[in-house]
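Summary of structural features
Residue strings, one per chain:
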Amino acid sequence: AARMEAKLLLGGSECDASLLHTQAPTLFRCVLETTRLTSHSLGALRYVKKPIVLETESNKSYQIGIGETIAISHISSHRNQDIWEDAENYDLNRTEWDLTDKFGQPVDVYKMTAFSQGTHKCPGERVALVLMEIMLAALIDRGASLCGALPPVSFERATLAQRDAPVPIIFKKLSSN
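Notes on the structure in this doc start here.

How each quantity is defined
- All residue numbers here refer to positions counted from 1 along the written sequence of the relevant chain.
- With pLDDT at 70 or above as the cut-off, local features in this predicted model cover only qualifying residues; side-chain atom pairs require 80 or more to be listed or tallied, and sums for whole chains, interfaces and linings still use all residues.
- To get the side-chain values, all heavy atoms of the structure are used, and hydrogens and water are removed first.
- Per the convention used, a helix needs a DSSP run of H or I reaching at least four residues, while a strand needs a run of E reaching at least two, with both numbered from the N terminus.
- When accessible area is computed with a 1.4 Å probe and restricted to protein chains, residues below 20% of their type maximum are described as buried, those above 50% as exposed, and intermediate ones as partly exposed.
- Residues count as neighbours in contact if any of their non-hydrogen atoms are within 4.5 Å of one another.
- Residue burial considers only the protein chains on display, and all accessible areas are found by Shrake-Rupley using a 1.4 Å probe.
- To estimate how far a helix should extend, the number of its residues minus one is multiplied by 1.5 Å.
- The directions considered for the arc run from the helix axis to the C-beta atoms.
- Two strands make a pair as long as DSSP finds a minimum of two bridges between them.
- Each Phe, Tyr or Trp ring, with Trp reduced to its six-membered ring, pairs with another whose centre is within 6.5 Å; inter-plane angles below 30 degrees give stacked pairs, above 60 give edge-to-face pairs, and intermediate values give tilted ones.
- Each ring is checked for a lysine NZ or an arginine CZ that lies within 6 Å of its centre and within 35 degrees of its normal; such an atom marks a charge sitting over the ring.
- Any Lys or Arg side-chain nitrogen located within 4 Å of an Asp or Glu carboxyl oxygen qualifies as a salt bridge.

A few words on the overall build of the protein chain. From N to C terminus, the protein chain includes 5 helices and 6 strands. In sequence order, the secondary structure elements of the protein chain are arranged as α-α-α-β-β-β-β-α-α-β-β. A burial count over the protein chain gives 28% of its 177 residues as buried. Sequence separation of 24 or more characterises 55% of the internal contacts of the protein chain that already satisfy a separation of 6 or more. For the protein chain, the accessible surface area stands at approximately 12,000 Å², while carbon and sulfur atoms represent 59% of it.

What follows is the structure, encoded as structure tokens:
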């Protein structure tokens with residue numbers, strides 16, 4: 001299904017970007033599920049105005065002082081079994097992906113927070129989702145595959161590209177039709 005959808009999106013005919021999630025549902029689900037599992041960006045940075053103590057489920061306490069920074073990660077909620085059924089597994093058939101608004105955004109904005117939420121929601125979310133879907137279509141259409149080992153993840157890099165080195169990809173040679 002993904003290959004047919006890629007051909008549709010890249011076929012040269014005009015396509016309404018607000019309808020990509022209905023015209024290419026498999027690709028759209030791939031983008032949403034991949035984003036859910038890899039959105040390791042910081043969702044919020046907040047400065048503490050009064051001292052607080054955070055308690056964990058394992059009864060550990062963390063004291064946070066005035067002026068310290070708290071960073072909230074999206075990945076922690078996206079991999080939480082209390083929020084997502086079978087949270088650690090990649091599943092294109094999640095019922096959540098059936099529940100999208102007319103622009104293809106997940107309806108439950110408090111569950112899918114890859115682009116933050118509320119007043120801090122990323123204004124580029126729709127553009128980013130469309131670009132990721134088109135890029136995925138192009139990779140599929142060109143027969144992209146890994147060439148060698150996937151470099152290890154590096155959390156020392158403050159980017160979305162959290163690999164220690166570039167990811168080597170090869171493309172099939174396009175036929176001249």
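Here the focus is helix α5 (residues 125-141). Taking 1.5 Å per residue as the helical rise, α5 with its 17 residues ought to reach 24 Å, and the 24 Å between its terminal C-alpha atoms agrees with that figure. Taken residue by residue, α5 has Glu125, Leu129, Glu133, Ala137 and Ile140 as its buried positions. Seen end-on, α5 carries its buried residues on one side only, within an arc spanning 110°. Along α5, the residues that are exposed and aim more than 90 degrees away from the buried face are Val127 and Leu131.

A separate point is helix α1 (residues 2-10). When we look at burial in α1, the residues that qualify are Ala2, Glu5, Ala6 and Leu9. Angular distribution of buried residues about the axis of α1 spans 105°; they occupy a single face of the element. Away from the buried face of α1 by more than 90 degrees, exposed residues Arg3, Met4 and Lys7 are located.

What follows deals with the pairing of strand β2 (residues 52-55). Strand direction decides the pairing type here: β2 and strand β3 (residues 61-64), joined by 4 bridges, are antiparallel. In the strand pairing of β3, isoleucine 52 is matched with isoleucine 64. The turn joining β2 and β3, which pair antiparallel and follow one another in sequence, is formed by 5 residues; a positive phi near 65° is taken by asparagine 59.

In this section: the side chain of threonine 35. Topologically, threonine 35 is positioned in helix α3 (residues 25-38). When near neighbours in sequence (up to four residues on either side) are disregarded, threonine 35 contacts His78, Met112, Ala114, Phe115 and Met132.

Attention now goes to the packing of aromatic side chains. This structure, assessed with the given rule, holds 1 aromatic pair. Each ring, one from tryptophan 84 and one from tryptophan 97, has its centre 5.6 Å from the other, and the planes form 45°; the classification is tilted. Of this pair, tryptophan 84 sits in the loop between α4 (74-78) and α5 while tryptophan 97 is found in the loop between α4 and α5, placing the two residues 13 residues apart along the sequence. You'll find tryptophan 84 and tryptophan 97 in the same group, each marked buried. In this structure, lysine 111 is placed above the aromatic ring of tryptophan 84, and the distance from its NZ or CZ to the ring centre is 4.9 Å.

Further remarks concern the pattern of salt bridges. Scanning the entire structure with this criterion turns up 5 salt bridges. Note that glutamate 88 and arginine 79 form a salt bridge whose closest N and O atoms lie 3.5 Å from each other. Residue class for arginine 79 comes out partly exposed when judged on its relative accessible area of 33%. Bridged by salt links that share partners, the residues Glu33, Arg36 and Arg94 form one connected network.

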